[in-house]
Amino acid sequence: MTRILDYRIVVTLDKSGTIMSTNPPLSNLQMSLLKLYASQVSDEDLLAINQRIVDYFAEKASQAADAVWDERGYSDELMTQWLTTDFRKGRAE
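Residues numbered from 1 in each chain as written. Predicted model: local features only at pLDDT ≥ 70, side-chain atom pairs only at ≥ 80, totals over all residues. Heavy atoms only, no water.

(A) Structural view of a negative patch on the surface. A cluster of like negative charges, contributed by Glu 59, Asp 66, Asp 70 and Glu 71, occupies part of the molecular surface. Among the structural elements, Asp 70 can be located in helix 2 (residues 43-72). In this structure Asp 70 comes out as exposed when scored by relative accessible area, which is 60%. (Patch = residues over 30% accessible without salt bridge, like charges linked within 9 Å, V, L, I, M, F, W, Y side chains within 5 Å. Areas by Shrake-Rupley, 256 points an atom, 1.4 Å probe, with all protein chains shown as cover. Salt bridge = Lys/Arg side-chain N within 4 Å of Asp/Glu carboxyl O. Lys, Arg positive; Asp, Glu negative; His and termini not counted. Charge placed at Lys NZ, Arg CZ, Asp CG, Glu CD. Helix = DSSP H or I, 4+ residues; strand = E, 2+ residues; numbered from the N terminus. Buried < 20%, exposed > 50% of the residue type's maximum accessible area, 1.4 Å probe, protein only.)

Structural data, given as structure tokens:
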């Protein structure tokens, strides 16, 4: 089944064109990106900006995973064991 969702954002601007409000409200990240994208940037810059955003969130995810790893006291040996165990059979390959 395919559903097409209709998303509409109503934007209220002041006389100078500054965004006063949106419905539904935009997050601070969305507002910041709208301001950035309102200025004309080259496709090359747009790709670079998007890559930086991806890199930022990937680093945050990696740091969170490292924190869990340290919290639980996991080791490289345990990772090797996980990589060589067929969990469906319950034994190392």
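(B) Examining the packing of helix 1 (residues 28-38) against helix 2 more closely. In the contact formed by helix 1 and helix 2, the axes pass within 12 Å of each other and the chain directions differ by 160°. Here helix 2 runs roughly antiparallel to helix 1, going by the angle between their axes. Crossing geometry of helix 1 relative to helix 2 is assigned as right-handed. Contacts between helix 1 and helix 2 involve Leu 33, Leu 36 and Tyr 37 from the first element and Leu 46, Ile 49, Asn 50 and Ile 53 from the second. (Axes fitted to C-alpha atoms, helices over the stretch in contact; angles between N-to-C directions. Parallel < 35°, antiparallel > 145°, perpendicular 65-115°, else oblique. Left-handed = near helix turned anticlockwise from the far one by under 90°. Contact = heavy atoms within 4.5 Å.)

(C) Structural view of the pairing of strand 2 (residues 19-23). Of the strand pairs in this sheet, strand 1 (residues 10-13) and strand 2 are connected by four bridges, and their pairing is antiparallel. Considered in strand 2, the bridge of Thr 12 is made with Ser 21. Remark: five residues form the turn of the hairpin made by strand 1 and strand 2, two consecutive strands paired antiparallel; Gly 17 in that turn has positive phi of roughly 95°. (Pairing = 2+ DSSP bridges.)

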